[in-house]
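# Architecture at a glance
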Amino acid sequence: MLMLTRQSRNVTIPWMGRAYMELLAKSLVDLGVNIQLPPRTTEKTVQLGVRNTAEMVCFPLKPTLGNFIEALDNGANTLLMYDSQGQCRLRQYWKIQEFTLRSLGYDFEMYNINFGNFLPVLQKLGGASYARIVRELFRYYARVKKVDEKKERWSRRKPNIGIIGEIFTCCDERINYGIENKIYKLGAKPVNTVTLSSFIRESFFRKIHWPTRDRKRYDKEAEKYFNGDLGGHGRENISHLLELVNNNIGGVIHLLPMSCMPETSIEPFVMAICRESNTPLLRISIDENTAEANLETRLETFVELIKMRR
Ligand code: SF4
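Below is a short write-up of the structure. Residue positions are given per chain, counting from 1 as you read along its sequence in written order. The model is predicted, so local features are restricted to residues of pLDDT at least 70 and side-chain atom pairs to those at 80 or more, both for listing and for counting; the totals for chains, interfaces and linings are taken over all residues. Only hydrogens and water are removed before side-chain values are computed, so all heavy atoms of the structure are retained for them.

Turning our attention to the environment of Thr42. Inspection of the secondary structure puts Thr42 in the loop between α1 (18-30) and α2 (43-51). Note on Thr42: relative accessible area 36%, which makes it partly exposed. Each helix is a run of H or I in the DSSP string that is no shorter than four residues. Each strand is a run of E no shorter than two, and both are numbered from the N terminus. Each residue is assigned to one of three classes by its accessible area relative to the maximum for its type, calculated with a 1.4 Å probe on protein chains only: buried under 20%, partly exposed between the two thresholds, exposed over 50%.

Moving on to the sheet that holds strand β6 (residues 251-257). Two strands pair under a simple rule: DSSP has to find at least two bridges between them. Taking strand neighbours across the sheet as the criterion, the 4 strands line up as β5-β4-β6-β7 in an open arrangement whose pairing is parallel. Strand pairing shows two members of the sheet lacking a second neighbour, β5 (189-192) and β7 (281-286), which therefore form its edges. Sheet twist, expressed as the average angle between the axes of neighbouring strands with direction ignored, equals 25°. Note that strand β4 (residues 160-165) and β5 share 4 bridges and pair parallel. Residue Ile163 lies in a different strand from β5, and its bridge partner there is Asn192. Relative to the sheet, helix α11 (residues 234-246) contacts β4, β5 and β6, its axis offset from that of β4 by approximately 165°. Here, axes are lines fitted to C-alpha atoms. For helices the fit covers the stretch in contact, and angles between N-to-C directions go from 0 to 180 degrees. The contact rule is simple, with two residues in contact once any of their heavy atoms fall within 4.5 Å.

This next bit is on the site of the ligand. A single heavy atom is enough: if one lies within 4 Å of a molecule or strand, its residue is considered near that molecule or strand. Around the ligand, the neighbouring residues are Cys58, Pro60, Cys88, Arg89, Leu90, Tyr93, Glu166, Pro257, Cys260, Met261 and Pro262. Among the secondary structure elements, those contributing two or more residues to the shell around the ligand are α4 (90-103) and α12 (261-276). Three classes are used, and their members are as follows: Ala, Val, Leu, Ile, Met, Phe, Trp, Tyr, Cys and Pro are nonpolar, Asp, Glu, Lys and Arg are charged, and the others, Gly among them, are polar. Its residues assigned to classes, the shell around the ligand shows 9 nonpolar, no polar and 2 charged.

Okay, here's the thing in structure tokens:
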């Protein structure tokens with residue numbers, strides 16, 4: 001049984017986009033947390049996760065478990081796992097990870113972190129006051145928003161390609177094979193609607209940061225497709241898709257991890273909205289068997305098609 005003090009803690013958290021996690025590490029250090037990010041996700045990381053999870057579980061569990069194994073092997077002793085508190089499997093990830101890692105013989109402390117418990121958890125790990133933590137959260141949000149402004153911006157000259165999908169896959173360039181850079185290189189502008197700042201805005205700041213009139217209208221229209229909550233980004237993706245097609249986006253990429261419940265559930269709606277608005281759609285599902293060369297070929301053909309339509 002570990003007896004950790006604030007000084008002897010090496011806290012780690014799995015990757016979800018390089019810029020986001022490096023900014024988070026900076027904020028956590030400022031709050032007194034001794035943070036040690038895992039080595040960057042590689043093929044080996046994914047394989048560590050694959051070997052120790054159920055085959056059919058949704059893909060993000062595998063690289064994040066692999067991140068924890070590599071961090072523990074590098075001396076981490078306190079694991080922090082993001083917890084959406086939503087309806088899909090993400091809220092169960094930390095329990096499955098904790099169970100798996102203890103079964104593998106690792107000794108550590110584990111904390112799930114969500115919008116309901118981040119104050120006591122971060123205070124325990126770093127010692128900062130609640131007021132300082134809240135101030136730092138706003139500072140973090142402002143930094144992330146700056147990163148995301150470029151991702152969300154439309155181009156006036158190039159064909160724009162909207163990205164909707166599951167947040168982990170849309171945010172982590174090691175998981176989506178740097179899809180945004182690939183689109184840039186093919187001469188188009190990716191418009192990523194699934195960013196961390198939009199997630200924070202739409203889930204946490206919703207009550208204090210009232211959505212724009214347009215956002216409210218698209219949200220309302222999206223709700224007609226659902227029978228209550230679906231979890232993940234199901235509703236937000238339909239809402240963003242309606243906005244993209246309404247603004248004549250050149251094409252849409254639906255990016256999802258294999259066997260993602262919310263994203264596979266909205267597939268028929270995504271197809272119908274794109275068909276009715278005559279918007280080209282490319283669905284890319286990602287797991288440990290995805291071949292980068294195959295993804296590149298499909299992307300190249302898709303971008304060429306959009307350019308020809310222009
Ligand atoms: S959104 Fe999809 S991939 Fe992500 S945790 Fe939920 S079910 Fe799994």
